[in-house]
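The residues making up each chain are set out below.
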Number of protein chains: 2
Amino acid sequence: MSKTTIKLCDTFLYPRQELGRSSTIPASLARCEETGRLKAFTLQWKAGDPDQPHIYWDSDVAKVLEGMAYTSALFQDKDLEKQLDELVALVLTAQQPDGYLNTHFTVVEPENRWKNLFDWHELYCAGHLIEAAVARYESLGKRDFLDAMCKYADLIWNVFGPDGKPGYPGHEELELALIKLYRATGNKKYLDLANLFIDRRGTEPNYYLQEDSPDVSYRDLRNRQAHIPVRQQHEATGHAVRAVYLYAGMADAAFETGDTELMDLCDELFDDITTKKMYITGGIGCRIPGEGLGSAYELPLNRAYAESCAAMGLVQFAARMLKYRGNVKYADIIERLICNGAISGLSLSGDRFFYANPHACDKEFRSLFHWARTRQPWHNTSCCPTSYCRFLPQLGNFCYRAKEKDLYIDIAASAEIETEQYKVKIISGWPWNGNVTVEILRGSVNLHIRIPDWCGGNYEISGTGSEQKRYWHSKDAVSAGEKIKIKFELKATLLYPDCRIPSTRGKAAIRRGPMIYCVESPDCEGFAPGELSIPANSTWQESQCDALPEGTVILTGEGYAELPGKELYSTEPPEFRPVTYRAVPYALWQNRGKAEMEIFFTLK
Amino acid sequence: MSKTTIKLCDTFLYPRQELGRSSTIPASLARCEETGRLKAFTLQWKAGDPDQPHIYWDSDVAKVLEGMAYTSALFQDKDLEKQLDELVALVLTAQQPDGYLNTHFTVVEPENRWKNLFDWHELYCAGHLIEAAVARYESLGKRDFLDAMCKYADLIWNVFGPDGKPGYPGHEELELALIKLYRATGNKKYLDLANLFIDRRGTEPNYYLQEDSPDVSYRDLRNRQAHIPVRQQHEATGHAVRAVYLYAGMADAAFETGDTELMDLCDELFDDITTKKMYITGGIGCRIPGEGLGSAYELPLNRAYAESCAAMGLVQFAARMLKYRGNVKYADIIERLICNGAISGLSLSGDRFFYANPHACDKEFRSLFHWARTRQPWHNTSCCPTSYCRFLPQLGNFCYRAKEKDLYIDIAASAEIETEQYKVKIISGWPWNGNVTVEILRGSVNLHIRIPDWCGGNYEISGTGSEQKRYWHSKDAVSAGEKIKIKFELKATLLYPDCRIPSTRGKAAIRRGPMIYCVESPDCEGFAPGELSIPANSTWQESQCDALPEGTVILTGEGYAELPGKELYSTEPPEFRPVTYRAVPYALWQNRGKAEMEIFFTLK
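Sequence order as written defines residue numbering, which begins from 1 separately in each chain. Chains and ligands are labelled by the order in which they are written, letters from A for the one and numbers from 1 for the other. Side-chain atom pairs in this predicted model are given and counted only at pLDDT of 80 or more, local residue features only at pLDDT of at least 70, and totals for whole chains, interfaces and linings cover all residues. Only hydrogens and water are set aside; all other atoms, that is, all heavy atoms of the structure, feed into the side-chain values.

Chemist: I tried to follow the overall build of chain A on my own but got confused; where do I start?
Modeler: In this text, helices come from DSSP runs of H or I with a minimum length of four residues, and strands from runs of E with a minimum of two, each type numbered from the N-terminal end. Looking only at helices and strands, chain A features 15 helices and 22 strands. Taking 2.2 N^0.38 as the reference for a compact globule, 604 residues should give roughly 25 Å; the C-alpha atoms of chain A span a radius of gyration of 24 Å, in line with that estimate. Dimensions of chain A, computed from C-alpha atoms along their principal axes, come out at roughly 70 × 65 × 45 Å. Going through the 604 residues of chain A one by one, you find that 63% of them count as buried. This radius of gyration counts C-alpha atoms alone. The globule rule is 2.2 Å times how many residues there are, raised to the power 0.38. Buried means the residue's accessible area, taken with a 1.4 Å probe over protein chains only, is under 20% of the maximum for its type, while exposed means over 50%, and partly exposed covers the values in between.

Rendered as structure tokens:
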């Protein structure tokens, strides 16, 4: 296995990777400790004790462990690696002689093991433990956790394999984890089990309607993507996180088995999400009930759910599709997400989190979501905080793809990329300006540089090459000592939503390069952000803001604030006064105290 | 007691009164029969039987009885009166020797009588029974029900009077009912009890937090207007129906006791609702959770709750304030409601009902409120259908006020008004045109004619008189044989909402006279109502529509439909095509099948 290292050094993503190491992971570990999530693995809990292990606690810990594995490797942080060693040892003490590892179903209700796949997250927790074990093995070369998880996966194979019960995960995730395990071990059984789970899903007789569970009442099969067989699902539906985890696993399975029909379906589902059901920030899952994807164009703003985990999950799905299919549309969505909707859930302090990401914060919002108006230190359902632990150290992998003699620059963030074949340094103003220098430090490499959607086709690249399908390909390999200079046009502009979206009709948003902007109340003098109208020919002055990270470009624009009416409903047309406002990147909103916030503005 | 009869004969309200008699009351009685609500009064129910009497069933029956009393008097319908006699006899069989009358707490859980005023609707049911009894006595002169309810009220006095438990109704209503009972009987005890309930409300120690109830857990005192003493409440808050019933009772109490401080407070609460928390249709109560009033300007459209009962309750509150204070603003709101938000809950067939009244029906709406998209034949909580039974026969009282030698024409619907002093006939195009003739058939009368808000001060009145505070007062009494001709300007215009309302910024609605219009999908060719933009200088052609009642004015206008975007979010400004659309009165929407619907349109 050839080793590739991608080290970001840009001013937007890299500081978050540092933050993950210095704040997000330590904070998450502290919360896992305080809440009893770590102690649960000692299996000492007895009825009547406090801190009863919950059905999804193991997954929270597993996700922190996965993040610790990537992060300790990325930063070559030996202390973190040692801490991880100790935690893995703790986790493994909870493994049963038959390979089973689940704190809740070992100490709280052992009689109900595998009884309720629909709701009880057992296979989901298994999947996250497997992902953590593979991350540790691949990042740090340590096999103990991996071997233990193979034993667990073997048990799951015995229970749910071809000769076992016809069940499948109620919260998808294990599918993609099993394929990671297959890739790490070469044991095809794990791939087969993933395929079995995918192809069983939604078939008749429906497993979930026949499950021998103490609490089978009404079950919303569509929320679990289990209402019809997966291969008949041509619209993305149901619980948003579950959906994208399933689709990511399907893409992996399709790639491994060469199943183009399944891969085409993944592409169709990706398009359905990103052309009909996605917020401008890349966020998905508009519905509060069921944390679900909505109908086409159903994208309410102030009660957007847009769960942080769903945004990060869509990045994972898109990254797989980009790897397998190479189409630039996948990279466009990844960039949209990592600059906006997949980062907005994390505070600049690294230890506060949005579970749901509002896309407008106004008077209506306050009554709906008062608890979600500020990022919280933790959530009882703590999937989102722990997702950031593992998401942040992977950010470099979403920007660069190294393949033998080729380097795909999907997102030109400043970085060093090193493989056996070459070492390349990228010096870039991304995401704040469009100037990029690609310098070959060692070896030679064929460069494939994505032309971002936001430059509108306006760019210059100094080397010899040509554009095909929005990737610029160098004609020949570029060698050590050579530099390629790139200038992407990066300017602020209006973005108009499709009129089929009810919540944003007659409005436009401000985008600058990959960043979607918003207006918060501290940047409005004497008016609410929602009362702002902006001209269709708006231009903006660019500046910095002391309260936001160095380099962040703030936009100052001229608009109109509507004056309050004399009556609630009046025959007099509204009056406006000219106002100056500032817009800040959406990903950074709500880092300067509580505020009203808007992304879309009426045009005037 | 001098007898006044007000007989409407207009084309908008009167047909609904006929419908109430021919459809709404019979349908409600049928549902009360089917669901066991009538049988409950036989007290035969035993544990294990179906149709267990529910805590608020008695109120449903009482409201139908109240409506039957008004309706049988209005139409001099002897059959209906006989049916009412039989039902009253049935209801009275359930009265206990001590005067108590509640089916649920007599047969289901007699041990819990008066145990949970906060939630269990016992005093609310009592209030509706009293209202029905007073209606029967005043409309038909029959005392049996009234006497029985005095006995019940006496029991309540003994339990909760000055020497009793310090409780008060968890669902306000009994306050206003007791004042009706006081007026009907002259027994001041009932007025005193109403005042006691009002002044106890929200005082410390809070009764609801000390109640000896089996299910006291978290109690949202604000939802019950019981978080602070009533006289300290300067903002309308909490459950919308409860709020307006309470305020109506407070207004009655303030009038009877000459308490100007309390009356001023009622005025303040009325203004708070109608200048900050009211939909353009007059609907109130924007929040689904708690069926509550929101913050100022919190008026979402597609998830408007705007319960039919709350709209009818606001009419009752406004009618009292108009009677006691005479300010034209109260009449403006009454007219807005009876033409729009208090009528929209009733189908043209008279037997289907909206509980919540959507103020936009779009893609987002469908996921929120699929059950509320069409009017339903009944609701398990059937307060709204039964409210229409009693509301419709009272419509004339909301248009005309007769006081000895004076006639207040608050809403100039065609009608005949007869008192001992005079008989007046009004021939009017209201609400479809502004031509009104007032003909004195007998006696002489001082006329006081409201100049409607919607005419913008443009009117002609043929007689001698002068305008003060938007009422035209005849200089002298007008005598038999004389006619006054009035011409109010009545034309379609745009209405602009205050910019502090988030959901309607940059948009306008269409109003013609007292009617708010909406656009439904059957009246849009190839576009959704929400995709329609209209010019700020719009004009409309007026016509009729076969599928709507004769006389209904339909507006045909020219606008622009936005074309679907090529991308979900695009740098290309949207394109529009010119389209023709039709607008229909909001009160009549969803009478031609399922449809998307919008009231507010982006201006172009």
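Resuming the write-up.
Chemist: Would you explain the relation of the copies chain B and chain A in this entry?
Modeler: Relating the two copies of this chain is a rotation about some axis coupled with a shift parallel to it. Least squares is the method for superposing the copies, and the C-alpha atoms it fits come from residues with pLDDT of at least 70 in both. Superposition record for chain B on chain A: RMSD 0.0 Å, screw rotation 180 degrees, translation along axis 0.0 Å. With respect to symmetry, the two chain copies, as superposed, fit the operation of a two-fold axis. Using C-alpha coordinates, one finds that chain B approaches the rotation axis most closely at Gly 506 of chain B, a distance of 4.0 Å. Contact definition: two residues touch when any of their heavy atoms are within 4.5 Å. In this assembly, 100% of the residues forming the interface of chain B have copies in chain A that are likewise at the interface, indicating an isologous arrangement.

Chemist: I'm lost on the side chain of Glu 598 of chain B in this one. Help?
Modeler: Tracing the chain through its elements places Glu 598 of chain B in strand E21 (residues 597-598). It is Arg 505 of chain A that comes nearest to the buried, bridge-free Glu 598 of chain B among opposite-charge side chains, at 4.0 Å. If we ignore the near neighbours within four places in the chain, the residues touching Glu 598 of chain B are Arg 505 of chain A together with Ala 360, Asp 362, Cys 518, Val 519, Pro 529 and Gly 530 of chain B. In summary, the charge assignment counts Lys and Arg as positive and Asp and Glu as negative, without counting His or the chain termini. Here, a salt bridge means any Lys or Arg side-chain nitrogen found within 4 Å of an Asp or Glu carboxyl oxygen.

Chemist: Would you take a moment to explain the pattern of salt bridges for this structure?
Modeler: Should their charged atoms come close, side chains of opposite charge can pair. All names here are of chain A. Going through the model one piece at a time under the given rule, you end up with 96 salt bridges over all chains. Between Asp 119 and Arg 224 there is a salt bridge, and its shortest N-O distance comes to 2.5 Å. Linking Asp 119 in the loop between helix H4 (103-107) and helix H5 (122-140) with Arg 224 in the loop between helix H9 (207-210) and helix H10 (240-257), this pair joins segments that are 105 residues apart in sequence. In this structure, the salt-bridge partner of Asp 154 is Lys 189, at a minimum N-O distance of 3.0 Å. Here Asp 154, found in helix H6 (residues 144-160), pairs with Lys 189, found in helix H8 (residues 188-200); they are 35 residues apart in sequence, far enough to count as distant. Residue Lys 189 is classed as partly exposed on the basis of its relative accessible area, which comes to 22%. One connected set of salt bridges, linked through shared partners, spans Lys 78, Glu 81, Asp 85, Arg 136, Lys 142 and Asp 144.

Chemist: Hey, could you run me through the interface of chain B and chain A in this one?
Modeler: Think of interface size as the accessible area that goes away when the parts come together; that is how it is often given. The interface is formed by 52 residues belonging to chain B together with 52 residues belonging to chain A. Summed over both partners, the interface of chain B with chain A comes to about 4,200 Å²; 58% of that surface belongs to carbon and sulfur atoms. Buried area is understood as the total, over both parts, of accessible area removed when two parts are fitted together, assessed with a 1.4 Å probe. The largest contributions to the chain B side of the interface with chain A come from Tyr 496, Leu 568 and Tyr 569 of chain B, which together make up 20% of the buried area. Joining chain B to chain A, the criterion identifies zero salt bridges. Pairs of N or O atoms are called polar contacts if they sit within 3.5 Å, as long as, within protein, a hydrogen donor faces a hydrogen acceptor (for residues adjacent in sequence, only side-chain-to-side-chain pairs). The interface formed by chain B and chain A holds 13 residue pairs in polar contact (both at pLDDT 80 or more) in total. For the side of chain B that touches chain A, the secondary-structure elements that each account for two or more residues are helix H11 (260-276), helix H14 (363-369), strand E13 (492-497), strand E19 (569-570) and strand E22 (600-603) of chain B. The element that contributes the greatest number of residues to the side of chain B that touches chain A is E13 of chain B, accounting for five residues. The nonpolar class holds Ala, Val, Leu, Ile, Met, Phe, Trp, Tyr, Cys and Pro. Asp, Glu, Lys and Arg form the charged class, and all remaining residues, Gly among them, are polar. The class makeup of the residues in the side of chain B that touches chain A is 22 nonpolar, 12 polar and 18 charged. Summarising the sheet, strand E13 (residues 492-497) of chain A and E19 of chain B pair through two bridges and their orientation is antiparallel. Within E19 of chain B, the residue paired with Pro 497 of chain A across the bridge is Tyr 569 of chain B. Strands were regarded as paired on the criterion that DSSP finds at least two bridges between them.

Chemist: Can you walk me through the pairing of strand E15 (residues 515-520) of chain A in this structure?
Modeler: It is a general feature of regular strands that their side chains alternate between the two faces of the sheet. Residues and elements named next belong to chain A. The buried fraction of E15 is high, at six of six residues. Of the two faces of E15, both are covered, the one formed by Met 515, Tyr 517 and Val 519 as well as the one formed by Ile 516, Cys 518 and Glu 520. Between the antiparallel neighbours strand E14 (residues 507-512) and E15 lie two residues, among them Gly 513 with a positive phi of about 55 degrees. In terms of strand pairing, E15 meets strand E20 (residues 576-585) through two bridges, oriented antiparallel. Residue pairing across strands places Tyr 517 opposite Pro 585, the latter belonging to E20.

Chemist: What exactly am I supposed to notice about the packing of aromatic side chains here?
Modeler: Residues and elements named next belong to chain A. Any Phe, Tyr or Trp ring, taking Trp's six-membered ring, that has another such ring centre within 6.5 Å forms a pair; planes under 30 degrees apart are called stacked, those over 60 apart edge-to-face, and the others tilted. Inspection of the entire model under this criterion finds 46 aromatic pairs over all chains. Pairing Phe 255 with Tyr 324 gives two aromatic rings, centres 4.3 Å apart and planes at 15 degrees, and the pair type is stacked. Residue Phe 255 is located in helix H10, and its partner Tyr 324 is located in helix H12 (residues 308-325); the two are separated by 69 residues in the primary sequence. What makes Phe 255 partly exposed here is its relative accessible area of 41%. Centre to centre, the rings of Trp 454 and Phe 488 are 6.0 Å apart; their planes meet at 80 degrees, and the pair counts as edge-to-face.

Chemist: Just to check I follow, could you spell out empty space enclosed by the protein for this structure?
Modeler: If a probe as big as a water molecule is rolled over the atoms, it shows which places are left empty. Using only the protein atoms, space was sampled on a 1 Å grid; points where a 1.4 Å probe fits but cannot get out form cavities, open sets with protein on both sides within 12 Å along at least five of seven lines form pockets, and lining residues are those with an atom within 4 Å of a point. Grid points are joined across faces, edges and corners, and a volume is the space filled by probe spheres set on the points. A full pass over the atoms with the stated rule returns 14 cavities of 30 Å³ or more. Of the voids in this model, the largest cavity is the one considered here, and its volume is about 520 Å³. Broken down by secondary-structure element, the contributors of at least two residues to the lining of the largest cavity are strand E22 (600-603) of chain A together with E22 of chain B. Of the residues assigned to the lining of the largest cavity, the class counts are 16 nonpolar, nine polar and 12 charged.

Chemist: Got a minute to help me understand the side chain of Arg 336 of chain A in this structure?
Modeler: Assignment of secondary structure puts Arg 336 of chain A in helix H13 (residues 328-341). Here Arg 336 of chain A sits buried without a salt bridge, and the closest side chain of opposite charge, Asp 453 of chain A, lies 4.6 Å off (N-O distance). The residues contacting Arg 336 of chain A, other than those within four sequence positions of it, are Met 278, Ile 280, Thr 281, Gly 282 and Gly 341 of chain A together with Tyr 569 of chain B.

Chemist: Teacher, can you tell me more about the environment of Ser 349 of chain A here?
Modeler: Residues and elements named next belong to chain A. Considering the arrangement of structural elements, one finds Ser 349 in the loop between H13 and strand E2 (360-361). As a C-alpha pair, Ser 349 and Ser 22 span 327 residues in sequence and 9.8 Å in three-dimensional space. The contacts of Ser 349, once residues within four sequence positions are left out, are Leu 19 and Ser 23. A polar atom in the side chain of Ser 349 sits 2.6 Å from the side chain of Asp 351.

Chemist: I tried to follow unusual backbone geometry on my own but got confused; where do I start?
Modeler: Of all residues except glycine, most have a negative phi; of all peptide bonds, most are trans. Here the bond from Glu 204 of chain A into Pro 205 of chain A is cis, since omega is -5 degrees, no more than 30 degrees from zero. Within the secondary structure, Pro 205 of chain A sits in the loop between H8 and H9. Residue Pro 431 of chain B follows Trp 430 of chain B across a cis peptide bond; omega there is 0 degrees. In this fold, Pro 431 of chain B is placed in the loop between strand E6 (422-428) and strand E7 (435-450). Positioned with a positive phi, Arg 470 of chain A is a non-glycine residue whose angle comes to about 65 degrees. Of note, Arg 470 of chain A is situated in the loop between strand E9 (465-468) and strand E10 (471-474). Looking at Arg 470 of chain A, the relative accessible area reads 23%, which means it is partly exposed. Its identity is not glycine, yet Gln 76 of chain B carries a phi of approximately 45 degrees, on the positive side. For Gln 76 of chain B, a relative accessible area of 62% gives the class exposed.

Chemist: Would you explain the pairing of strand E5 (residues 415-418) of chain A in this entry?
Modeler: All names here are of chain A. Of the two faces of E5, the one lined by Ala 415 and Ile 417 is fully buried and the one lined by Glu 416 and Glu 418 carries no buried residue. Bridging between strand E1 (residues 5-8) and E5 involves four bridges; their strand directions are antiparallel. Of the residues in E5, the one forming a bridge with Lys 7 is Glu 416. Here E5 hands over to strand E6 (residues 422-428) after three residues, the two strands then running antiparallel side by side.

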